[in-house]
Every structure is written in structure tokens, then in C-alpha cells.
Amino acid sequence: MGSVAFDAIETPFGKTDKIIGGAGTYISLSASYFTNGIQLVSVVGDDFPKETIQGFGNRGIATEGLQVKEGEKSFFWSGKYHNDLNSRDTLVTELNVLGDFDPVIPDSYQGAEFLMLGNLSPDVQLKVIDRLEERPKLVALDTMNFWMRVAMDDLKAVIRKIDVLIINDEEARQFTGEYSLVKAARHILNYGLKYLVIKKGEHGALLFHNDHVFFAPALPLEEVFDPTGAGDTFAGGFMGYVAKTKDISYDNLKRAVIYGSAMASFCVEKFGTERLEDLKKDEVTSRIRQFVNLVSVDIDLV
């Protein structure tokens, strides 16, 4: 579940007019490289291209839960990135159909084993959980600092119903008031989570589980064109790999973090979803090998 939308992006390397974006789009496309049977829950207006929706279907992404509102417009976001690509200014936000989004869970979606809740309002995320007749094997959620400012109580309520929280380091500190990410993780895990992923952008990602912590670096890239959607692409690769393996152990989620990081490293190489749309399986395999080589070392203890 996540937004399917239009974006307009400007970075130091160029700018786009309206292109396809949204958390639900990035998550679904990324996960589609690992598993079939992806079931999308979202909403668009009648201005959204029918060929894009058809393209989802061609990738094994079911769209029965994608509402198309006649006479209304799709969500639109426009932003401009600073030179470091870590900070950005939002220029335009038009909620449009997302303003009163009421998620519909088709009967064909019931019984889903894995649920990835993309960044949307906590009350919408909670509705999706409550409308599933059987609790999935693993429920993961992404959120952002905006919801911590305007809907903290609702956010805490939905976090108590999930297994994996995926946030960035700034959000972890804001949520807990702790600067140390280790202390922040301990605080967040006390909400009943099995796992916590803290993304650190170009500096990698951390996976916390009980008293264990795993670190995966980000792959050093020569060129980064557009970081939009990288976090959602990470989440899609992460959950797509978990769904493929059907293994929710700590050791397997460590591998999922690597797969998520690999997919995010592709996303930033071009604007929008362009890179995710033309990936080849051998490229993904090669990128995973690069990550393995990046973190592998033989040490003789002295």
C-alpha cells in the first residue's frame, strides 16, 4: 500500500516534467524483481496513464486494489534537491485523491502473507491492517517525520501492530528524542517490533533485532542523478526478497537489507522509475556480488 502519483524533480544534474512516482509505485516495481503476486492498494485520478497501470499488470503487479477516481486528479509532488542531494525543498504538494483516500482490500488480496505499508497517513495504514481478515506473516511500515509532527499518537498506535519499522536516522532521532541510534533503536523496539531498519542514505542501513545489530553499507556510486524513491525502492527490494524466500529469521532479514540496498542503488542512477523499468536479472545479481565483496574480509585474530 502506498501512493501512486506524479512527481516533478529538479536536481543539480537536470530536471523533469511530470513523471510517474509515488511510494506504492517504487515499492511494487522493486519487489517485482523477486516475487510475483504483488497486490497494489492505492488511488489515482482519471489523469493517470492507463498504459502505466497496464504496465504494472505486465510485471505481475495486481491493480484490482488501485482505485481510479473519475473527474479527480492524482497526487502530485514537486521538489528541488540541493547540491549534496541529501536535502531538498518541496515546491508543490497537491494531495488531490489522496486527501480522502479510503483503502479498499479486494477479496482476491485476502490471505496475503506479507504486507508493506508505504508512507501515508497512519490512519490509512491502520485501516489496511484492520481490513485484512488474516494477519500477514510479516507486516512492515515506512513513515516520515511529517506524521511524527501531526499524528504521533496515531503513528504509535499503528507501530504497535506491525513487525518491521523502516525509517531514516533523522526520523529515528525525532521519534525518540535520542541522538544515539542504538538508544533510539532500543526505545522503538519496545513498541513490540521484531525488527527495526534505520536507513542512513549514502551511509548505508542498520538492522536491529533484540540486542543484535547488523550494518549494510551503501554502494559507492560514481554518479547519483535522483534520490527520489530510493527509500521506497529499498523497502520494495527488502520485502520482495523476504516474500520470495518466505523466511522471516534475523539472518534472512540481514540478506534482505542487502537486496534492498542493491535495488536502491539502481534507483538513484536515473530520474524517477526509469532505471527500475529496464533492469535485467543479471544486473541485480552482479550488484549483489558487489555488495558481498564490499563487506567481505578474512581476518586472522592476533
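What you see is a predicted model, and the numbers here were worked out from it, not measured in a lab.

(A) Spatial organisation of the overall build of the protein. Counting secondary structure elements, the protein contains 11 helices and 13 strands. Relative to the 2.2 N^0.38 estimate, which gives 19 Å for 302 residues, the radius of gyration of the protein is 18 Å and therefore close to what a compact globule would have. Projected onto its principal axes, the C-alpha coordinates of the protein cover approximately 70 × 40 × 35 Å. Classification of the 302 residues of the protein by burial places 53% in the buried group. In the protein, 63% of the contacts between residues at least 6 apart in sequence involve partners at least 24 apart. Accessible surface computed for the protein: about 14,400 Å², of which carbon and sulfur atoms make up 48%.

(B) Here's a closer look at the sheet that holds strand E11 (residues 195–199). Taken in spatial order, the six strands make up an open sheet running E8-E9-E10-E11-E12-E13, and their pairing is mixed. Each edge of the open sheet is held by one strand with a lone partner, namely strand E8 (114–117) and strand E13 (212–216). Each strand of the sheet is rotated relative to its neighbour by a mean of 15°, with strand direction disregarded. Two strands pair when backbone bridges link them, and E11 and strand E12 (residues 205–209) are joined in this way by four bridges, in the antiparallel orientation. Bridge assignment links Leu196 to a residue of E12, and that residue is Phe208. Here helix H8 (residues 230–245) sits on the sheet in contact with E8, strand E9 (138–142), strand E10 (164–168), E11 and E12, set at roughly 175° to E8.

(C) A look at unusual backbone geometry. At Asn96, a residue that is not glycine, the phi angle is positive and equals roughly 50°. Mapped onto the secondary structure, Asn96 falls in the loop between strand E7 (88–94) and E8. Classification of Asn96 as partly exposed rests on a relative accessible area of 32%. Positive phi, close to 50°, is recorded for Asn210, a residue that is not glycine. For Asn210, the location among the structural elements is in the loop between E12 and E13.

(D) Layout of helix H11 (residues 281–295). Helix length check: H11 (15 residues) gives 22 Å between terminal C-alpha atoms against 21 Å at 1.5 Å per residue, within 8%. All buried positions along H11 are accounted for by Val284, Arg287, Ile288 and Phe291. The arc enclosing the buried residues of H11, seen along the axis, measures out at 100°, which places them on a common side. Set apart from the buried face of H11 by more than 90 degrees, the exposed residues are Asp282, Arg289 and Asn293. Packing partners of the buried residues in H11 comprise helix H9 (250–267).

(E) The arrangement of a nonpolar patch on the surface in detail. On the surface, Val297, Ile299 and Leu301 cluster together to form a nonpolar patch covering roughly 390 Å² of accessible area. Residue position: Ile299 is located in the segment after H11.

(F) Representation of the nonpolar core in the model. Counting residues in hydrophobic clusters, the biggest one holds 53 residues, and the most contacted among them are Val164, Ile166, Phe234 and Phe238. Broken down by element, the residue count for this core peaks at 10 residues, all from H9. Counting residues in each nonpolar core, the second largest holds 45 residues, with Leu117, Val124, Leu141 and Ile162 among its members.

(G) Broad picture of the packing of aromatic side chains. The final tally for this structure, using the stated rule, is seven aromatic pairs. Through pairs of rings, three or more aromatic residues link up here, namely Phe34, Tyr241 and Tyr259. Here the guanidinium or amino end of Arg173 rests over the ring plane of Tyr179, the centre of that ring lying 4.1 Å away.

(H) Seen up close, the pairing of strand E5 (residues 61–69). The sheet contact formed by strand E4 (residues 38–45) and E5 spans seven bridges and is parallel. Bridge pairing in E5 places Val43 opposite Gln67. Crossover connection from E4 via helix H2 (residues 50–58) to parallel E5: handedness right-handed.

The rules we used
Here the residue index of a chain counts from 1 through its sequence in written order. Predicted model: local features are reported for residues with pLDDT of at least 70 only, side-chain atom pairs are reported and counted for 80 or more only, and whole-chain, interface and lining totals are derived from all residues. Working from all heavy atoms in the structure, the side-chain values ignore hydrogens and water. Numbering of helices and strands runs from the N terminus; a helix is a DSSP stretch of H or I covering at least four residues, while a strand is a stretch of E covering at least two. The atom set for the radius of gyration is the C-alpha atoms, and the globule formula is 2.2 Å times the number of residues raised to the power 0.38. Residue burial is assigned from relative accessible area. The probe radius is 1.4 Å, only protein chains are included, and a residue is buried under 20% of its type maximum, exposed over 50%, and partly exposed in between. Only heavy atoms enter the contact rule, under which two residues are in contact if any of them lie within 4.5 Å. Residue-level accessible areas treat just the shown protein chains as cover; the underlying method is Shrake-Rupley with a 1.4 Å probe. Note: two strands are recorded as paired if DSSP finds a minimum of 2 bridges between them. Angles here are taken between N-to-C directions and fall from 0 to 180 degrees, while the axes themselves are lines fitted to C-alpha atoms, restricted in helices to the stretch in contact. Take the number of residues in a helix, subtract one, and multiply by 1.5 Å to get its expected span. What the arc measures is the spread of directions leading from the helix axis to the C-beta atoms. Patch membership is restricted to residues that have no salt bridge and whose relative accessible area is over 30%. Joining uses 9 Å for like charges and 5 Å for the nonpolar side chains Val, Leu, Ile, Met, Phe, Trp and Tyr. Should a side-chain nitrogen of Lys or Arg be within 4 Å of a carboxyl oxygen of Asp or Glu, the pair is scored as a salt bridge. Buried residues of nine kinds, namely Ala, Val, Leu, Ile, Met, Phe, Trp, Tyr and Cys, make up a nonpolar core once their side-chain atoms join them within 4.5 Å. Aromatic rings from Phe, Tyr and Trp, taking only the six-membered ring of Trp, are treated as a pair when their centres fall within 6.5 Å; an angle between ring planes under 30 degrees marks them as stacked, one over 60 as edge-to-face, and anything in between as tilted. Criterion for a charge above a ring: Arg CZ or Lys NZ at most 6 Å from the ring centre, at most 35 degrees from the ring normal. Every crossover in which the path from the first strand over the helix to the second runs clockwise, viewed with the strands pointing away from the viewer, is termed right-handed.

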